[in-house]
Every structure is written in structure tokens, then in C-alpha cells.
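Working through the structure, step by step
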2 protein chains.
Amino acid sequence: MGLNHQPEAPQGGPMAAALDEARAAAARGEVPVGAVIVDAAGIVIAADGNRTRALSDPTAHAEMLVIRAAAARLGSERLTQCDLYVTLEPCPMCAAAVSAARIRRLYYGAPDPKSGGVEHGPRIFAGPSCHHRPEVYPDIAASPSAALLRAFFAARR
Amino acid sequence: MGLNHQPEAPQGGPMAAALDEARAAAARGEVPVGAVIVDAAGIVIAADGNRTRALSDPTAHAEMLVIRAAAARLGSERLTQCDLYVTLEPCPMCAAAVSAARIRRLYYGAPDPKSGGVEHGPRIFAGPSCHHRPEVYPDIAASPSAALLRAFFAARR
């Protein structure tokens, strides 16, 4: 898989911004997942959280929204110099979108054994027909991300 | 896989409308793939073709656009009574979106050995972590769909 384990969670920075988006999603009643995209200079060019309920859009995962926003902002289908930070392991749809967008590096928080598509399920980047594989950095600030999700679902039971 | 082979291409109907969308996409300089969604009554509630170039959006495949449009029109993230017709085997991103949207039946045209995600590549609906599997009907009007794609790419070589 070529996963690059970095146990240290960064202080501030893009993953902190993604966690802020996840908290904002929870406050809207959405599953708390947040994502940001940074350009080659490390500048955040898109930040958003899940909006599947608000938009009545099953594709409106945080990753999809920031990929679309960043591509629109850059006027390009390809985000070859961009990195994506997301608080949860992307699902197969989002992982395949990361590949389609030619994202350079993917940093994610908590693993998602039930619905993840990177290190679980169809393992989108592992297959021979995957045309672009980002560098993948899992377990970035995984603990606060998982805590947000646990609290969200516990409150709904 | 539970694929349901129906060698007869339907006359008119949703797949003909999807082929019209594919031709319109080609005329715009987009990879010629078209899709429509019909509701439980068989009424077309969304129709579109690829717009990745026009929208600078790597996620703007025909299937994604019609899923988003149909969900917005119905005001629901779930399209449980809806069927999707698309001229080419969906890629992994689109196949996973079909699953997320709870599409009832998926009809598609030409197989896509290079980039497909249903009967090729990660075979999205075949895995144990796939939470919703549509009924899948491949090879519906596959020949005109494949001819459109061949002509499009031949003209660009």
C-alpha cells in the first residue's frame, strides 16, 4: 500500500483546519468529516465538511466538495500540485475522485474499517487499474477525528 | 456478480436518451458518455453528459451529474426507487456513488476494461463492504456507445 505512518499529529496546519470543518459539519447535523486542499505553496485553497443532508446530495462528502471547489478555483480538472487533508479515511467514491483529480498527497485521520476505500474495502489505490496513486499518509490526528465521530453517533442512538 | 445479460438493445427509451447525451458531450469536446435517471414511474428526472472539461471538475462524470440532479429534484439523498442508464460501464467513483445513492437498477452500455469499476478494476458492488448493490444490467446498447467512444478518440489521435 505504501502507507506512510506519521504518528505525530501536526499542531495547527491543514489537518487542524479539516477538524474545524468536521466540527462545523457536526453542528449542522451532518456526519462530522472535514477536508481541506492546499496548493503547492501550502496555502489552503478549499475547505469544507460533509453536506449530504443540507444539499440532498449523496455525493457531497467533504472530499468531493473540496476537490470540486479547488478545481473550479484553479480552472483545472487536475490538481497535480495539491494535497488533500481529510479527517476520515476516504470512502471508495472519494478515493477514486482523489485519483481522478491527480491529487499529489492524501493525508487522513481515523481509519474507517466499515466504509473506507483506501486501506479497507476495495483499496482503490492498490489495484492495477488505478491510473494515479497519491502518496498516502494515514493516522494524522486520528484520535480527535474518531472522537468527533463517536460523539456524533452516540448522540443519535 | 449477478450481472443480467440482455443482448437486445431497447428501441428508444432511457438508453436512447443517454446516447443522445453522449453525442451532445462529444459535440462539446467531452468524452462521450451520457446518463439518465428515471423514477419509479419510468419518467426521466435527470439527463446529462460528461462535463469534466467545461466545468473544470474531475468529478463531473455523466453519472455523478444525474445523481446530483435527481437527488436535488427529489429533495432526498436516496434514490431508492430510481434507475440509472449510462452508456459506459461506470468508473469506481461513479459506481460507489450509485451505491451511496441507493440506485435501484443500473443499466449500462459498453464495458470499460481500462477504467470500469463494476465488472472490472475494484468491482465496487462485489466487495463485502459495499452497503448497497443495485441490480446490474450490462451491455444495453453497447455497440453504439462503443462506436461513439472509438470515433471520439480516433479523431484526437
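Residues numbered from 1 in each chain as written. Chains lettered and ligands numbered in written order. Predicted model: local features only at pLDDT ≥ 70, side-chain atom pairs only at ≥ 80, totals over all residues. Heavy atoms only, no water.

All names here are of chain A. Burial within strand S1 (residues 34-38) is extensive, with 5 of its 5 residues counted as buried. Burial of the side chains of S1 extends over both faces: Gly 34, Val 36 and Val 38 are buried on one face and Ala 35 and Ile 37 on the other. With 5 bridges connecting them, S1 and strand S2 (residues 44-49) associate as antiparallel partners. Within S2, the residue paired with Ile 37 across the bridge is Ala 46. Linking S1 to S2, which pair antiparallel, is a turn of 5 residues; within it Gly 42 sits at a positive phi near 85°. (Buried < 20%, exposed > 50% of the residue type's maximum accessible area, 1.4 Å probe, protein only. Helix = DSSP H or I, 4+ residues; strand = E, 2+ residues; numbered from the N terminus. Pairing = 2+ DSSP bridges.)

This brings us to the UniProt feature "binding site: Zn(2+)" (unreviewed entry) in chain A. Residues and elements named next belong to chain A. UniProt records the feature "binding site: Zn(2+)" (unreviewed entry) at His 61, Cys 91 and Cys 94, using the numbering of this structure. Spanning 34 residues, the named residues nonetheless gather at one spot, since no C-alpha pair among them exceeds 9.1 Å. Structurally, Cys 91 is set in the loop between strand S3 (83-88) and helix H3 (92-100). Beyond its immediate chain neighbours, meaning those up to four positions away, Cys 91 contacts His 61, Glu 63, Ser 115, Gly 116 and Gly 117. The class for Cys 94 is buried, based on a relative accessible area of 0%. Those residues within four positions of Cys 94 in sequence are excluded, and the remaining contacts are His 61, Glu 63 and Met 64. (UniProt positions renumbered as here; feature names shortened; annotations may be inferred. Contact = heavy atoms within 4.5 Å.)

In this section: unusual backbone geometry. All names here are of chain A. Phi is positive for Arg 102, close to 60°, though the residue is something other than glycine. As for its position among the elements, Arg 102 is in the loop between H3 and strand S4 (105-110). In this structure, Asp 139 takes a positive phi of about 65° despite not being glycine. Locating Asp 139 in the fold gives a position in the loop between strand S5 (135-137) and helix H4 (142-156). Classification of Asp 139 as partly exposed rests on a relative accessible area of 25%.

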